[in-house]
Structures are given as C-alpha cells and as structure tokens.
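Spelled out from the first residue to the last, the chains are:
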Amino acid sequence: MDNYDDQQLKELLGNPATQRRGFEALVRQYSEQLYWQVRRIVITHDDANDVVQNALLKAWTNLASFKGDAKIITWLSRIAINEALDFTRRQKNRPTLSTDDADLGLAARLMADDYFDGDQTEAQLQEAIAELPDVQRTVFQLRYYDDMKYSDISQVLGTSEGALKASYHIAVKKITKFFHRFD
C-alpha cells in the first residue's frame, strides 16, 4: 500500500487509466482524517461513517470538477464538512420520536457511546462546542483539533482569514464561558 504525495495523486486522478487506483489511494490516505473532521461535527460514530461515505461518493462523482488548484485534503475537507453541516441541519429540523436522547445532554450521550474514548472533560468540551453556531464550531474544530492554517480553512469554508480569526476568537470565549458555569 503506497502513500502518494499530493502531486502524484493529482496525476493518478487526472488520468482515466489510473483514476480508480488514485481514488482508492485517496480513500486510504484521507478517510481517517475526514472521519475525525466529520465526527467532531456530527458527534456519533455511525453518523460520521455515513457522512464520510456520502462525502467520498460525492468526491468520486465530482472528480471531473476538481481543478487541482487546492490540496486534495482541502478539497475533500470542504466536501466532507459541507456534508456534515447539511446532516446536522437536517437533524435539527427532523422531529424526534424518542425523548430519551433529548433528555440526556450531549456529554451524557457521549459518555454512553461505546465509540467515545474521552473523559468527562472531553465530553463537556464537545457539549460546549456543539452549542456554537455552525461556522464558529467548524472553525474552532479545524484549528484546535486539526491544527489547520487559517489560509487552508479559508479555502475549505470560502471565508476570509480575518473573519475566521474572529470566529475562532469568539468561539474560544464562548467555550471558556461554558466551562466557567461549573466553577
């Protein structure tokens, strides 16, 4: 199983004879990173898997529209994050049949999730992050967890770096305020 650099992958993806092999390599190299980007937005393991699969399917069907100007991971992240945000919007608008999950806070649901391997503080951080508006939440997660540069986040979200820095700063303040509730 070879790992390819960005240029090699772009060449494989751009050639119809090697496109499938290139896409398989792309999936191997970037699925885990996409999974964690998405998981932090949609929270649950099963939902994250579904969203990543949808994002990869969308990437495959739109491969011809990839111009190669951006890094592959930036292009994939944009697709995956948009899919995750669309998913969360649909979930918010969907009536819930069970009140069991609604009665539990996010932190409690995470602690009960077999796939969650964090502690109570991490669960509370996720709850604080979940309370942020979509853009602030996404900017915070990409900076904090992925250590993504503002220039890359700008490409992923299509927003100016200045606006992203402001969103991150506001998000940090809101998260800090969330934790001060427990003092």
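So, a few notes on the structure that sits alongside this text. (Residues numbered from 1 in each chain as written. Predicted model: local features only at pLDDT ≥ 70, side-chain atom pairs only at ≥ 80, totals over all residues. Heavy atoms only, no water.)

Here's the deal with the overall build of the protein
Okay, so step 1: From N to C terminus, the protein includes ten helices and zero strands.
Okay, so step 2: In the protein, which comprises 183 residues, the share counted as buried stands at 41%.
Okay, so step 3: Intrachain contacts of the protein at a sequence separation of at least 6 include 60% that bridge at least 24 residues. (Helix = DSSP H or I, 4+ residues; strand = E, 2+ residues; numbered from the N terminus. Buried < 20%, exposed > 50% of the residue type's maximum accessible area, 1.4 Å probe, protein only. Contact = heavy atoms within 4.5 Å.)

Topic: the packing of helix α8 (residues 134–144) against helix α10 (residues 161–180)
Okay, so step 1: Between α8 and α10, the shortest axis-to-axis distance is 8 Å and the interhelical angle comes to 90°. When the interaxial angle is binned, α8 and α10 end up roughly perpendicular. Within the contact between the two elements, α8 uses Val135, Gln136, Val139, Phe140, Arg143 and Tyr144 and α10 uses Leu164, Ser167, Tyr168, Ile170, Ala171, Val172, Lys174 and Ile175.
Okay, so step 2: Considering only residue class, the contact of α8 with α10 consists of ten nonpolar, two polar and two charged. (Axes fitted to C-alpha atoms, helices over the stretch in contact; angles between N-to-C directions. Parallel < 35°, antiparallel > 145°, perpendicular 65-115°, else oblique. Nonpolar A, V, L, I, M, F, W, Y, C, P; charged D, E, K, R; others polar.)

What to know about the packing of helix α2 (residues 19–42) against helix α4 (residues 72–93)
Okay, so step 1: Here α2 crosses α4 at 35°, and the two axes come no closer than 9 Å. For the pair α2 and α4, the sense of crossing is right-handed. Residue-level inspection shows Leu26, Tyr30, Gln33, Leu34, Gln37, Val38, Ile41 and Val42 of α2 in contact with α4, the latter providing Ile72, Ile73, Leu76, Ser77, Ala80, Ile81, Ala84, Leu85, Phe87 and Thr88.
Okay, so step 2: Residue composition of the contact of α2 with α4, by class: 14 nonpolar, four polar and no charged. (Left-handed = near helix turned anticlockwise from the far one by under 90°.)

Comments concerning the pattern of salt bridges
Okay, so step 1: Scanning the entire structure with this criterion turns up eight salt bridges.
Okay, so step 2: Note that Arg89 is salt-bridged to Asp86, the shortest N-O span being 3.0 Å. Taken together, the residues span about one helical turn, with Arg89 and Asp86 both in helix α4 at a distance of three residues.
Okay, so step 3: Asp86 sits in the partly exposed class, given a relative accessible area of 32%.
Okay, so step 4: What emerges from the salt-bridge pattern is a single network uniting Asp86, Arg89, Asp134 and Arg137. (Salt bridge = Lys/Arg side-chain N within 4 Å of Asp/Glu carboxyl O.)

Considering the environment of Ser65
Okay, so step 1: For Ser65, the location among the structural elements is in the loop between α3 (45–61) and α4.
Okay, so step 2: For Ser65, a relative accessible area of 43% translates into the label partly exposed.
Okay, so step 3: In this structure the side chain of Ser65 is engaged in a polar contact, spanning 2.6 Å, whose partner is the backbone oxygen of Asn62. (Polar contact = N/O pair within 3.5 Å; in protein donor to acceptor, adjacent residues only side chain to side chain.)

Observations regarding the packing of aromatic side chains
Okay, so step 1: What the rule picks out here adds up to eight aromatic pairs.
Okay, so step 2: Measuring from ring centre to ring centre gives 5.6 Å for Phe140 and Tyr168, while their planes differ by 15°; the resulting arrangement is stacked. Of the two residues, Phe140 sits in helix α8 while Tyr168 sits in helix α10, which places them 28 residues apart along the sequence.
Okay, so step 3: Seen in terms of ring centroids, Tyr150 and Tyr168 are 6.5 Å apart; in terms of plane orientation they differ by 80°. Their pairing is edge-to-face. Pair noted here: Tyr150 is in helix α9 (residues 150–157) and Tyr168 is in helix α10, with a separation of 18 residues, a long-range link.
Okay, so step 4: Chaining the aromatic ring pairs together yields one cluster made of Phe140, Tyr144, Tyr145, Tyr150 and Tyr168. (Phe/Tyr/Trp six-rings, centres within 6.5 Å; stacked < 30°, edge-to-face > 60°.)

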